[in-house]
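Here's the letter readout for the chains.
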Amino acid sequence: MSRLGLLERLQADAPMVNPSLLACDFTRLGEEIRSLEAAGARILHLDVMDGHFVPNISFGIPIVEAVRRATDLPLDVHLMISEPARYVRQFRKAGADLLTVQIEAVPQPAALLEEIRSLGALAGLTLNPPTPLETIEPYLPYCDLVLVMSVMPGFGGQEFQPVALDKLRRLRKLTDSQMLLSVDGGVNRQTLGLCAQAGANVFVTGTALFSEKDYSRFISDMTALARQCQLLQEKTCSR
Ligand code: DX5
Ligand code: ZN
């Protein structure tokens, strides 16, 4: 599928839960992916950590390749790494459909976001909880997705930081209603509603999802809640 075809499909599928494989059972990676597909997942989130940009190491190119072989779902690769420009081509080759880079690692990301698009992938930009929104504002035209971190990246299972909500609200005003606005970290049944009301339409969930027995029920409950919040928000805005 072309880059723009995928963008249109994701926009049409939103609001959506985006499972973060970091919290899955890696001894059964293929089965976990099949369960997520059966549960209605429309995309998968892969957290790449280098032990330098963040104080943790997760997985890299071989695992992205393995996930690519296991599924046709779009792969959203979140690069929590220093010098991402050195690796985007390899991650694209490994099967990434969407590549998100951290503004803290690339303070002037226009050329890199353009390169990601020229590789045929969707380009995403993200910022950590303490990083001001102004740092990414000039680069919004180069983004197919903006990811707001609601925890400091590096570990799953952290508590949601409400500082993300104000950024989501402001981003939703700065972009059109179709824009993919994602939130990552501590998203669960309690925090999803707040994020959806603030304008998020892609919800990365690791711990909350994989600690449930029934992935399908979790994904459909969360999606229904996000839809309700979206409708409420639209009604409030049109008054
Ligand atoms: C944080 C990662 C997240 C995280 C989400 O460093 O970018 O994707 O694993 O997991 P939970 O849902 O456990 O916060
Ligand atoms: Zn992530």
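Higher on the page you've got the structure.
Residues numbered from 1 in each chain as written. Chains lettered and ligands numbered in written order. Predicted model: local features only at pLDDT ≥ 70, side-chain atom pairs only at ≥ 80, totals over all residues. Heavy atoms only, no water.

**Here we look at the pattern of salt bridges**
All chains considered together, the criterion is met by 13 salt bridges. The partner of Arg-28 in a salt bridge is Asp-25, with the nearest N and O atoms 3.1 Å apart. Classification of Asp-25 as partly exposed rests on a relative accessible area of 28%. Put simply, Glu-212 and Arg-189 hold a salt bridge, and the shortest N to O gap is 3.3 Å. You can see Glu-212 sitting in the loop between helix 8 (207–210) and helix 9 (215–238) and its partner Arg-189 sitting in the loop between strand 7 (180–184) and helix 7 (192–198), a full 23 residues away along the chain. Residues joined by salt bridges that share partners form a network here, namely Asp-25, Arg-28, Glu-31 and Glu-32. (Salt bridge = Lys/Arg side-chain N within 4 Å of Asp/Glu carboxyl O. Buried < 20%, exposed > 50% of the residue type's maximum accessible area, 1.4 Å probe, protein only. Helix = DSSP H or I, 4+ residues; strand = E, 2+ residues; numbered from the N terminus.)

**Focus on the site of ligand 1**
Around ligand 1, the surrounding shell holds 20 residues, and the nearest of these are Asp-47, Gly-154, Gly-157, Asp-184 and Thr-207. Separating an oxygen atom of ligand 1 from a side-chain N or O atom of His-78 is a distance of 3.3 Å. Interatomic distance of 2.8 Å between a backbone N/O atom of Gly-206 and an oxygen atom of ligand 1. Computed on the free molecule, ligand 1 has an accessible area of 380 Å², of which 99% lies beneath the protein chains in the complex. Contributions of two or more residues to the shell around ligand 1 are made by strand 2 (44–49), strand 3 (75–80) and strand 8 (202–205). The element that contributes the greatest number of residues to the shell around ligand 1 is strand 2, accounting for 3 residues. A per-class count over the shell around ligand 1 returns 7 nonpolar, 11 polar and 2 charged. (Near = heavy atom within 4 Å. Polar contact = N/O pair within 3.5 Å; in protein donor to acceptor, adjacent residues only side chain to side chain. Areas by Shrake-Rupley, 256 points an atom, 1.4 Å probe, with all protein chains shown as cover. Nonpolar A, V, L, I, M, F, W, Y, C, P; charged D, E, K, R; others polar.)

**With respect to the coordination of the zinc ion (ligand 2)**
Protein coordination at the zinc ion (ligand 2) comes from His-45 (NE2), Asp-47 (OD), His-78 (ND1) and Asp-184 (OD), with a distance range of 2.0 to 2.3 Å. Seen from the zinc ion (ligand 2), its 6 donor atoms lie at angles of 69 to 169°, and the figure they make is octahedral. Each donor residue of the zinc ion (ligand 2) lies on one chain, and together they are spaced H-x1-D-x30-H-x105-D. Taken as a pair, His-45 in strand 2 and Asp-184 in strand 7 lie far apart in primary sequence, 139 residues in all. This pair shows no difference in class: His-45 is buried, exactly as Asp-184 is. (Donors = N, O, S within 2.8 Å, 3.2 Å for Na, K, Ca; no water. Tetrahedral: all angles 85-135°; square planar, octahedral: opposite > 155°, others 65-115°.)

**Considerations on the pairing of strand 5 (residues 122–127)**
Across the 6 residues that make up strand 5, a large majority, 6, are buried. Along strand 5, one buried face is formed by Leu-122, Gly-124 and Thr-126 and the opposite face, lined by Ala-123, Leu-125 and Leu-127, is buried too. Here 5 bridges tie strand 4 (residues 98–102) to strand 5, and the two strands are oriented parallel to one another. For Val-101, the partnering residue across the bridge sits in strand 5 and is Leu-125. In this region the chain leaves strand 4, passes through helix 5 (residues 110–118) and returns to the parallel neighbour strand 5; the handedness of that crossover is right-handed. Bridge analysis of strand 5 against strand 6 (residues 145–149) gives 4 bridges, and the strand direction is parallel. Each residue of the ladder has a partner; that of Leu-127, found in strand 6, is Val-148. (Pairing = 2+ DSSP bridges. Right-handed = clockwise from strand over helix to strand, strands pointing away.)

**What about the packing of aromatic side chains?**
Within the structure shown, the criterion is met by 2 aromatic pairs. Ring geometry for Phe-210 and Tyr-215: centres 5.4 Å apart, planes at 75°, overall edge-to-face. With respect to class, Phe-210 is no different from Tyr-215; both count as buried. (Phe/Tyr/Trp six-rings, centres within 6.5 Å; stacked < 30°, edge-to-face > 60°.)

**Some details on the nonpolar core**
If you look at the biggest cluster of nonpolar residues, it comprises 67 residues, and the most contacted ones within it are Leu-46, Val-77, Leu-79, Leu-99, Ile-136 and Phe-203. Ranked by size, the runner-up nonpolar core spans 15 residues in total, among them Leu-98, Leu-147, Leu-180 and Val-204. (Core = buried A, V, L, I, M, F, W, Y, C linked by side-chain atoms within 4.5 Å.)

**With respect to helix 6 (residues 163–174)**
Across its 12 residues, helix 6 extends 17 Å between first and last C-alpha, which sits within 8% of the 16 Å expected from 1.5 Å per residue. Buried within helix 6 are the following residues: Ala-164, Leu-165, Lys-167, Leu-168, Leu-171 and Arg-172. For helix 6, the arc enclosing every buried residue in end-on projection is 165°, short of the 170-degree limit, so these residues lie on one face. (Expected span 1.5 Å × (residues − 1). Arc of directions from axis to C-beta.)

**Observations regarding the sheet that holds strand 1 (residues 16–19)**
Read across the open sheet, the 8 strands follow the order 1-8-7-6-5-4-3-2; overall the sheet is parallel. Edge positions in the open sheet fall to strand 1 and strand 2, since each of these has one partner strand only. Across the sheet, the mean angle separating the axes of adjacent strands is 25° when strand polarity is ignored. Helix-sheet contacts for helix 1 (residues 3–13) involve strand 1, strand 4, strand 5 and strand 7, and the interaxial angle to strand 5 is about 55°. On the sheet, helix 3 (residues 61–70) packs against strand 2 and strand 3 and is oriented at approximately 170° with respect to strand 3. (Axes fitted to C-alpha atoms, helices over the stretch in contact; angles between N-to-C directions. Contact = heavy atoms within 4.5 Å.)

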